[in-house]
Amino acid sequence: MKKVIALLLGITIFIFLNVAHAENKDLKRFSSGSYQQLLQQYAGKPFILTVWSTQCASCIKKMPLLSELRKEMPHINLIMIATDHISEADQVKSILTANGLDQTDNWIFAEPNSAKLRREIDTKWFGEVPRTYFVDKRHERVAISGALPREYYENVLKIILN
């Protein structure tokens with residue numbers, strides 16, 4: 001009987017740890033070194049990096065478009081980085097889920113010095129959002145600030161995917 005209880009306890013702990021890990025996996029902490037980690041993770045692969053905030057109306061307004069593009073082109077690597085404070089993680093997750101973007105590679109700024117994190121991504125970026133980077137497989141990139149129309153995404157994606 002003790003073995004059965006110990007086994008059940010072990011299974012319960014295993015399930016609990018996996019569920020807790022899965023909950024944290026969907027929103028990664030963007031900290032010093034994370035951008036280099038992304039470049040390594042997507043080595044030789046094109047991707048779109050969208051930097052956004054819960055306080056940015058145009059960021060949220062364009063999320064359904066990103067979700068549509070993701071559904072139409074599932075092979076596109078889409079990375080979303082929220083510049084909000086880590087304490088806003090629940091709101092960030094809620095917005096991503098509501099817009100069908102919870103299955104993308106999602107990050108949130110996790111250090112108090114957001115300027116340092118911005119410089120890691122782009123030394124020419126001053127923090128305006130939305131900010132979108134179209135990155136080809138050689139990791140050459142085009143950066144655009146502001147909300148973009150669908151046609152722009154489609155045209156640039158044709159270029160970076162070739």
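See the structure shown above.
Because the structure is predicted, anything quoted here is derived from the model rather than measured.

Peer 1: Please explain the state of the cysteines as it appears in this structure.
Peer 2: A covalent bond between the sulfur atoms of two cysteines is what we call a disulfide. Using the criterion set out here, one finds 1 disulfide in the structure. Here Cys 56 connects covalently by a disulfide to Cys 59, the sulfurs 2.3 Å from one another. Torsion about the S-S bond of the Cys 56 and Cys 59 cystine: about 85 degrees, corresponding to right-handed handedness. As far as the burial class goes, Cys 56 and Cys 59 line up, both buried.

Peer 1: Looking at this structure, I do not really get the pairing of strand E4 (residues 105-109). What am I missing?
Peer 2: Counting buried residues in E4 gives 5 out of 5 residues, a clear majority hidden from the surface. Of the two faces of E4, the one holding Asp 105, Trp 107 and Phe 109 and the one holding Asn 106 and Ile 108 are both buried throughout. Here strand E3 (residues 77-82) runs beside E4; their pairing, made up of 4 bridges, is parallel. In the strand pairing of E4, Met 80 is matched with Asn 106. Taken together, E3, helix H5 (residues 89-98) and E4 form a β-α-β motif whose crossover is right-handed.

Peer 1: Help me understand the pattern of salt bridges in this model?
Peer 2: Think of it this way: side chains of opposite charge can pair up when their charged atoms draw near. One pass over the structure, following the stated rule, counts 9 salt bridges. Put simply, Glu 68 and Arg 150 hold a salt bridge, and the shortest N to O gap is 3.1 Å. Here Arg 150 lies in helix H7 (residues 150-160) and Glu 68 lies in helix H4 (residues 63-72), a separation of 82 residues in the sequence. Linking Glu 72 and Arg 150 is a salt bridge whose minimum nitrogen-to-oxygen distance equals 2.3 Å.

Reading the values: rules and limits
Here the residue numbering is sequential within each chain, running from 1 through the sequence in written order. Under the rules for a predicted model, residues below a pLDDT of 70 receive no local features and side-chain atom pairs below 80 are neither given nor counted, while totals for whole chains, interfaces and linings still include all residues. The side-chain quantities take in all heavy atoms of the structure and omit both hydrogens and water. For this text, the term disulfide refers to a pair of cysteine sulfurs within 2.5 Å. Classification of residues uses two cut-offs on accessible area relative to the type maximum, computed with a 1.4 Å probe and protein chains only: under 20% is buried, over 50% is exposed, and between them is partly exposed. Helix and strand assignments follow DSSP, with helices taken as H or I runs no shorter than four residues and strands as E runs no shorter than two, numbered in order from the N terminus. DSSP bridges decide pairing: two strands pair if at least two such bridges lie between them. With the strands aimed away from the viewer, a crossover counts as right-handed if its path from the first strand over the helix to the second runs clockwise. We count a salt bridge whenever a side-chain nitrogen from Lys or Arg sits within 4 Å of a carboxyl oxygen from Asp or Glu.

Nothing here speaks to function; it is geometry throughout.
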